[in-house]
Structures are given as C-alpha cells and as structure tokens.
Amino acid sequence: MRIFTSLLKNANPKIEYYSRFSPSPLSIKQFLDFGRDNACEKTSYMFLRKELPVRLANTMREVNLLPDNLLSQPSVRLVQKWYMQSFVELLDYENRKPEDAHALNDFLELLIEIRNRHNDVVPTMAQGVIEYKEKFGFDPFISSNIQYFLDRFYTNRISFRMLINQHTLLFGNDTNPAHPKHIGSIDPTCSVAEVVSDAYDTAKMLCEKYYLAAPELKIEEFNMKAPKKPIQAVYVPSHLFHMLFELFKNSMRATVELHENSTEALPPVKAKVTLGKEDLSIKISDRGGGVPLRKIDRLFNYMYSTAPTPSLEPGAVPLAGFGYGLPISRLYARYFQGDLKLYSMEGVGTDAVIYLKALSSESFERLPVFNKSAWRHYKTSPEADDWSNPSKEPRDATLTPPDVKRKESR
C-alpha cells in the first residue's frame, strides 16, 4: 500500500503532463483499415501507450473539478483509485521499446487487466451519485455540473474500452469464433435488422420473465441506396445492441403496464430501419402511453432517476436499473457522431430514433477534452433565467408599469 501511495505522488506531474495533450479521435474507417490491411502490434502498442494515458489524464483532471462532497463519497473514491492504478501501470510502458522481450505480451495482458478492473465503473459511479444525493439533496447547479461531467466521463470510458478491445481482439487470443469476419469489435457488414431482432429477443425474454407477456415486433426496412436490399453498416454491433436493448426494454415495459388489464392483444412494437445518403436511422415505436413533454429531458438526466437502487450483484439485469440506460445509450450513439432522440405523444406512445452516420469515414470518435472551456463550465455561477417562469402565486395586477420596472431593476 505504501509503495502504491508513493506511486500516486509521483504520478500527479505525469497526469498534468498527459492532460496537456488532446485525445486523437479515430474514425470507424481508420479502425477498420488498420485492423484489416496493416494490423501491426508494434504500431498499435506505440499509439496506445501514449493515447490511453492521455485519455485517462484528461478525465482524471476533470474529476477533481467536481464538488468535494461528491468526491468524498466511497464509491467515487473507489472509481478514482481504479483510474489512478490503471494510469500508473500504463506509465511502466512509457519508455519501454516494443523490441524489448515480452513487452508486447505484457502490455496485452495489462490491457485485459485494466479492462476487467473498469468493468463496474458505471454502476459504481452511479452508486456514488446516489450516496451524494441521499446526504446532500438536489441542487440544480450542481446537478447541471454532474450531468455535464458524467456525459464526458462515460464517453471517455466508451472510447477507452474501444481502443483496448480493438487491440486485444486483433492481437490476443480472445477472438470470437462466432464472428470470424469482425475486425476487432467492428463488423464490416453489420446487418442492422439482425441486431434489432437480437436486441428485441433478449428484451422480450426479460419482459416475459417479469410480466409473463411481451409485445410482438414488426420490422420494416427502407434502403434508399439499394432498394429492396437488406441494410448493412460498418459499425460496432455491441454498441448498437446496447442502444436497441435499452429502447426495447423501455417500450415493452410501458406497453405491458399500460395494457395489463386489457382483454385485447398487446399492440406490437415497431422498428423501422432506413438508410439514406448521410444517415442510417432506426426508429422504435410503441403504444405505451407516452411521456409528457415536461419529463422528456429528465429521462436523460443522471440525477433524476426515480427507479429503486438495483442490486450490484454480477449477472443481475434489472428491467429498471439506475436510470442510466437512456443517457448512456445516447452517448453510444453520439460517440461516432450519431444521436438518440425521443419523440413522445402523451396518451399514445413514444418514438425513439437512433441516428448513425451512413459512412464509416464520417464516423469519428467524439471525445471530451480537458481545457479552459471545460474548466469554465464548472466554475461559472448560474445566471438568472432571462425568460419568464410560471409562478404559483397570481401576478399582482395592481402594479403600474413604473412599479414593474423598479421591481426588475432590484
């Protein structure tokens, strides 16, 4: 423990040094071309031994801008410890040449160890936010900062795992024999409809376990580029599955709960996949009663979760977890320059649309950078709203215009 503590002290100047560099975003096409045409373990090693510390250092500097009351929570301190340990271990390879005996293999094993260590970062950080909220309540300004930070923090984690997975899948022994055509975690000919069906089947199994019923699925495809042909994309199937599984869970839950007393069959969930010149879009539509407009933004807010705290036991897959499913699904979509949006009609149902780039050359990583703009976001005090807000108290109609002006100038 003493050795580790001394390492941490020595690491702080390194964290500051590496955080001065901006991360280097890669496109899906760059990932693909490297893995398919000129996959060289030495080249990957030379890139990752700097790029991974840069991405870690950027997010580690930003963590320290969070409120002290949040940083002091046990779960947040644990996440910080994991990140510091991984950063220190990566520094061992800072000057280690790829020609050194065992360097490449040792680095590969370290990446697998780091990936495993960070497996529970999302639920552990979520637990830290819950610990903070239970002790200190809800503050709009702090909530805004936490929202800003967690979007960036979890995006950084997605990118970190993407780099590690590409290296370990290309040069390690954990290649998936079921997908021999995959280049690392990327499928050059990903059948979107198949991933939609797989995500639906998994969500259906979960829904039937909890509710003993689940709505059916109807899929349509509209391929503008090649009419009547199935839509394929160069994408990371696991990312797409994650997004779709979350949307299907939400749609099924809403549909079953709204129609649980109905004698008629459950209305189906509909999936529409379209491919245009710029966008590949997937719309999931349900008849689950919809959500009021006022609550749409809250569905993407980490501090607004109303779900009970789920079990952190391995293998547990609750139908309603920390309330992080939608915001993190949106981060997966945005990671390669896409997006995820909800369009709801209260009393009817909800359309959720995933937007992806149609071209892999335009699907660049969207990465957070620690700089003055980011720092300023945490330090700027909230300004007064410059739009009128509805008040519970009736407006005093006896005020004359001059009185109103005097009131505004106070």
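A. Spatial organisation of the environment of Ile296. By the element assignment, Ile296 lies in helix α11 (residues 293-296). Given the relative accessible area of 12%, Ile296 is considered buried. Between the C-alpha atoms of Ile296 and Ser344, which are 48 residues apart in sequence, the distance is 8.1 Å. The residues contacting Ile296, other than those within four sequence positions of it, are Val291, Leu342 and Ser344.

B. Broad picture of the packing of helix α5 (residues 74-91) against helix α6 (residues 103-117). At a minimum axis separation of 10 Å, α5 and α6 run at an interaxial angle of 175°. Judged by the angle between their axes, α5 and α6 are roughly antiparallel. The segment α5 lies against α6, with Trp82, Gln85, Ser86, Glu89 and Leu90 engaging Phe107, Leu110, Leu111, Glu113, Ile114 and Arg117. Residues belonging to the contact of α5 with α6 are distributed by class as follows: six nonpolar, two polar and three charged.

C. Molecular detail of helix α9 (residues 192-211). For α9, built from 20 residues, the straight-helix expectation of 28 Å at 1.5 Å per residue is met to within 8% by its first-to-last C-alpha distance of 28 Å. For α9, the full list of buried residues reads Val192, Ala193, Val195, Val196, Ala199, Tyr200, Ala203, Lys204, Leu206 and Cys207. Structurally, α9 contributes buried residues whose contacts are with β1 (187-191), β2 (217-223), β3 (232-235), α10 (237-258), β4 (269-275) and β5 (279-285). A positive backbone phi angle near 65° is found at Leu212, which sits one or two residues after α9.

D. Spatial organisation of the nonpolar core. Within the largest apolar cluster, 102 residues are counted, with the highest numbers of intra-cluster contacts made by Tyr154, Leu244, Phe248 and Ile282. In terms of residue count, the dominant contributor to this core is helix α8 (residues 140-171) (ten residues).

E. How the structure looks around the packing of α5 against helix α7 (residues 121-136). Where α5 meets α7, the axes come as close as 7 Å, and the angle between the chain directions of the two elements is 145°. Residues Pro74, Ser75, Val76, Leu78, Val79, Trp82 and Tyr83 of α5 form the contact with α7, whose participating residues are Val121, Thr124, Met125, Gln127, Gly128 and Glu131. Among the residues making up the contact of α5 with α7, the classes are represented as eight nonpolar, four polar and one charged.

F. A look at the pattern of salt bridges. Enumeration according to the criterion identifies 14 salt bridges in this entry. Residue Glu113 is joined to Arg117 by a salt bridge in which the shortest nitrogen-to-oxygen separation is 3.5 Å. Taken together, the residues Glu113 and Arg117, both in helix α6 and four residues apart, mark about one turn of the helix. Look at Glu113 and you get partly exposed, because its relative accessible area is 45%. Relative accessible area serves as the criterion here: at 13%, Arg117 is assigned to the buried category. A salt bridge links Lys249 to Glu246; its shortest N-O distance comes to 3.5 Å. Of the two residues, Lys249 and Glu246 both sit in helix α10, three residues apart, roughly one turn of that helix. There is no split in this pair, since Lys249 and Glu246 are both buried. Among the ionic contacts, a cluster of salt bridges with common partners joins Glu51, Arg55 and Glu365.

G. Region of interest: the sheet that holds β5. Across the sheet, five strands lie side by side as β2-β4-β5-β7-β6; this open sheet has mixed pairing. The two strands at the open ends of the sheet, each matched to only one other strand, are β2 and β6 (339-345). Mean inter-strand twist for the sheet, computed between neighbouring axes without regard to direction, equals 15°. Sheet topology places β2 next to β4; seven bridges connect them, and they run parallel. Each bridged residue has a counterpart across the sheet, and for Leu217 the counterpart in β4 is Val269.

H. Just the pairing of strand β7 (residues 349-357), in detail. In the sheet, β5 pairs with β7 via seven bridges, with the strands oriented antiparallel. Within β7, the residue paired with Lys283 across the bridge is Val353. Pairing of β6 with β7, which is carried by seven bridges, proceeds in the antiparallel orientation. Counted as the bridge partner of Asp339 is Tyr355 from β7.

I. Highlighting the packing of aromatic side chains. Scanning the model with the defined rule gives 18 aromatic pairs in all. Between the aromatic rings of Tyr200 and Phe248, the centroid separation amounts to 5.7 Å while the plane-to-plane angle is 75°, which identifies the pairing as edge-to-face. With Tyr200 in helix α9 and Phe248 in helix α10, this residue pair connects regions lying 48 residues apart in the sequence. The exposure classification of Tyr200 matches that of Phe248, with both residues buried. Here the basic side chain of Lys14 rests over the ring of Tyr17, its NZ or CZ set 5.8 Å away from the ring centre. The positively charged end of Arg330 is found above the aromatic ring belonging to Phe300, 4.1 Å away from the centroid.

Reading the values: the criteria
Every residue gets a number counted from 1 within its own chain, in the order that chain's sequence is written. Local features are withheld for residues below a pLDDT of 70 in this predicted model, meaning they are given only at 70 or higher, and side-chain atom pairs are given and counted only at 80 or more; totals for whole chains, interfaces and linings count all residues. Hydrogens and water are ignored here; the side-chain numbers use all heavy atoms of the structure. In this text, helices come from DSSP runs of H or I with a minimum length of four residues, and strands from runs of E with a minimum of two, each type numbered from the N-terminal end. Accessibility here uses a 1.4 Å probe with only protein chains present; expressed as a share of the type maximum, an area under 20% marks a residue as buried, one over 50% as exposed, and anything in between as partly exposed. Only heavy atoms matter for contacts: two residues are in contact if any of them lie within 4.5 Å across the pair. Structural elements are reduced to axes, namely lines fitted to C-alpha atoms, with helices fitted over the stretch in contact, and the angle between N-to-C directions of any two is expressed from 0 to 180 degrees. Note on angle classes: values under 35 degrees are labelled roughly parallel, values over 145 roughly antiparallel, values of 65 to 115 roughly perpendicular, and the remainder oblique. Under the scheme applied here, ten amino acids are nonpolar (Ala, Val, Leu, Ile, Met, Phe, Trp, Tyr, Cys and Pro), four are charged (Asp, Glu, Lys and Arg), and all others, including Gly, are polar. What a helix should span is 1.5 Å times the count of its residues minus one. By nonpolar core we mean a set of buried residues, namely Ala, Val, Leu, Ile, Met, Phe, Trp, Tyr and Cys, connected to one another through side-chain atoms within 4.5 Å. What counts as a salt bridge is simple: a side-chain nitrogen of Lys or Arg found within 4 Å of a carboxyl oxygen of Asp or Glu. Only when DSSP finds a minimum of two bridges between them are two strands counted as paired. Geometry of aromatic contacts follows a simple scheme: Phe, Tyr and Trp rings, the Trp one being its six-membered ring, pair when their centres are within 6.5 Å, and the pair is stacked under 30 degrees between planes, edge-to-face over 60, tilted otherwise. Counting as a charge over the ring demands two things of the Lys NZ or Arg CZ atom: a distance within 6 Å of the ring centre and an angle within 35 degrees of the ring normal.

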